[in-house]
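Chain residues, written in single-letter form:
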Amino acid sequence: MPSNVPPFRTRVLPPSSAPPGTASRLATVRYSGPIAGTQGVWYGVEWDDTQGKHAGAIKGTQYFECSAAAMRYADGISLARTGIHGTSAAATAGCGTDTVATTTITPGSFIRPIAGTVLEPVPILDMVCERYNVTLATAEPDHLDATTDSVVSPPVSHGGVDVQHVTMAGRRGAGAGIDVELVGFDKVVAKQRIDKLMEASLVDIPAGVLHDPALLRVNLASLTSLDLSGTLFGSWVDIANLCRALPTLHTLHLNRLRLAMPNQDKTPLAGAFDQLRLLTLNNTYHSRQEYTEILNLMPGLTELHLGFNALREAPALTMPALQSLNLQNNAIDPESLPRALSGCPLLRQLNLQYNGLKSLPGDPDSGIDSNSNDDDGASLVHGFPALEALWVHDNALDDWRTAADVLADTRVWPSLREVRFNRNPVTLRATDSEVTLVELVGRIPGLRIMNRSEVLPQQRVSCELYFLKLTGMAIAAARGATTPVPDQLPESDPDALFAALLETPERADVVWRAYPRVRVSALMRHHGATMVVGAVVGAAEASRGDRITVAGITVVAGTSTWVVDVVAATTTVRALRAMVARKLRAMPRRVRLVAGGEAGGGEEMADDGKLVDWYGVEGGSVVEATVS
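Let me begin by describing the structure that accompanies this report. (Residues numbered from 1 in each chain as written. Predicted model: local features only at pLDDT ≥ 70, side-chain atom pairs only at ≥ 80, totals over all residues. Heavy atoms only, no water.)

Quick look at helix H15 (residues 517-527) now. All buried positions along H15 are accounted for by Arg519, Val520, Ser521, Ala522, Leu523 and Met524. Phi turns positive, to about 90 degrees, at Gly528, one or two residues after H15. (Buried < 20%, exposed > 50% of the residue type's maximum accessible area, 1.4 Å probe, protein only. Helix = DSSP H or I, 4+ residues; strand = E, 2+ residues; numbered from the N terminus.)

Written as structure tokens, this is what we have:
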């Protein structure tokens, strides 16, 4: 039984019996008419939150069909609850063909169209006037204030001072008003001209009907930014007509809307969005194909937000001006990104927070070699040539190889400078944030900002040296405690050194699965092989019992003194600082270490990448620690 009205948006207020604080609900009215066995008119609604009773059918009669957006919303809720990439408990039955999951949902209900409770769309200019206490440029009659029931007389001058007489309507209606004299009223009105309004926020109010384009253009002549999130606009055609009438508009927020796509003919949308520069479409739940069709009509966008849309793949965008893309809180397949975004050559910032990512695009074995032309690299020719900032915090990245080594692949990430990486499983296992810094700086040659903090030149040197030490420790572990270390090692040739230390392909495979060989070789050519060889030799000495301990570390924070046992030949200042920091319950970066103590003219142990014996610390030495 088809509806006799086209779908429209509504906001349903909670009944008076609802508990205090109960929120209103957004819905799309998809049916208006009778229901068999009942009296009067009913609205068949599809709730945005999908918390209804059915999918448009009652007692065997299908009154309306639910949209695919309802399924995608339920899919997004499932993703938020489970946090599992690519898995959902959303629905398909009764809700169209754009399916993503298998469980039936019930987004539909029938409600009575009660005035004052079921709000219907209101003209946008009426809402602007009400929200900002302004009047339309063409208000009728001439002296009727459109925002009140007041009658405003023309201004008169008394002694050079403009005076306005206003009759305020009383609660008992016309004729019961109060005369008020406002001095300088015309100046106040002049400052509230609607055509001077540059920014307007209509969030969660029932705006949803357009005026005549000429009226919009006259009254909102200066508008540059408009927020329609949670309003009652229901179609892209209306949004296109609005944008076409407002040539100065460059920032548009359409979050939490359910906008109907036009039919196959996209002509009504062509050219309407050319002036837009920033667009937010969070929680709008189009399909990937629909986003592709709409967004590629917006060639001037520089910033785009598509968060909270349960997307499995990024839309295939051809947006030559786009610089910032926010895809947070979706379920994006990372392998879809390079090709989907290949039409965005100026993209500089990409936000993939909360996508359940387990890996990132790129070849973990590429290191810094950008000249590889092998078959494996052919599938990665679509990279991010201008991308400088990548936000992948709060994901499921569990392995440095697939999470960080891939970012050294300059075929995909040639310009990467900033990474936000915290709160991933691989970082949560780290003993402290400093270890995460070492792993990322050691693996990504161009990294300059990590988790919003600048990587200073000295920090980079320390991190790279410590990363070499970690590689040496991995080599030592692969060799085993009983394997003797050759007396002469070719330290100037990384490949020859690896061959001498690892000896067998099996050992090499173990080490290079954990550490990128190309990157380690490059670091050794820059810093030398001392850290790698020292870690291997130190581990061998420790296995034979040649143990050197550091004793009597005096903590200048009260009178505490305690002894720490370490292998001086293999322990870095960073590791010692972390031990002391744990004892003092302080952040490692706030702990200052001085070999021999301040009073004895000792040297500050400032270089975290150096071994403690570089500062002359050995068994029986005193290291003074202070907390800043």
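Having seen the model, we can carry on.
In this section: the packing of helix H13 (residues 494-502) against helix H14 (residues 505-514). Relative orientation of the contacting elements H13 and H14 amounts to 120 degrees, with a least axis distance of 9 Å. Here H14 runs oblique to H13, going by the angle between their axes. H14 is crossed by H13, and the crossing has right-handed handedness. Here Phe498, Leu501 and Leu502 of H13 come into contact with H14, specifically with Arg507, Ala508, Val511 and Trp512. (Axes fitted to C-alpha atoms, helices over the stretch in contact; angles between N-to-C directions. Parallel < 35°, antiparallel > 145°, perpendicular 65-115°, else oblique. Left-handed = near helix turned anticlockwise from the far one by under 90°. Contact = heavy atoms within 4.5 Å.)

Let's shift gears to unusual backbone geometry. For residues that are not glycine, phi is negative in most cases, and the peptide bond is trans in most cases. One non-glycine residue, Arg256, lies in the positive phi region at around 65 degrees. With respect to the helices, strands and loops of the structure, Arg256 is situated in the loop between strand E16 (251-253) and strand E17 (278-280). Arg256 sits in the partly exposed class, given a relative accessible area of 29%. At Phe308, a residue that is not glycine, the phi angle is positive and equals roughly 60 degrees. Inspection of the secondary structure puts Phe308 in the loop between strand E18 (303-305) and strand E19 (324-326). What makes Phe308 partly exposed here is its relative accessible area of 36%.

Further remarks concern the sheet that holds strand E1 (residues 8-12). One open sheet holds the five strands; their spatial order is E6-E3-E2-E1-E7, and the pairing between them is antiparallel. Each end of this open sheet is capped by a strand with a single partner; those strands are strand E6 (108-111) and strand E7 (118-119). Pairing geometry for strand E3 (residues 42-47) and E6, over four bridges, is antiparallel. Each bridged residue has a counterpart across the sheet, and for Tyr43 the counterpart in E6 is Ile111. (Pairing = 2+ DSSP bridges.)

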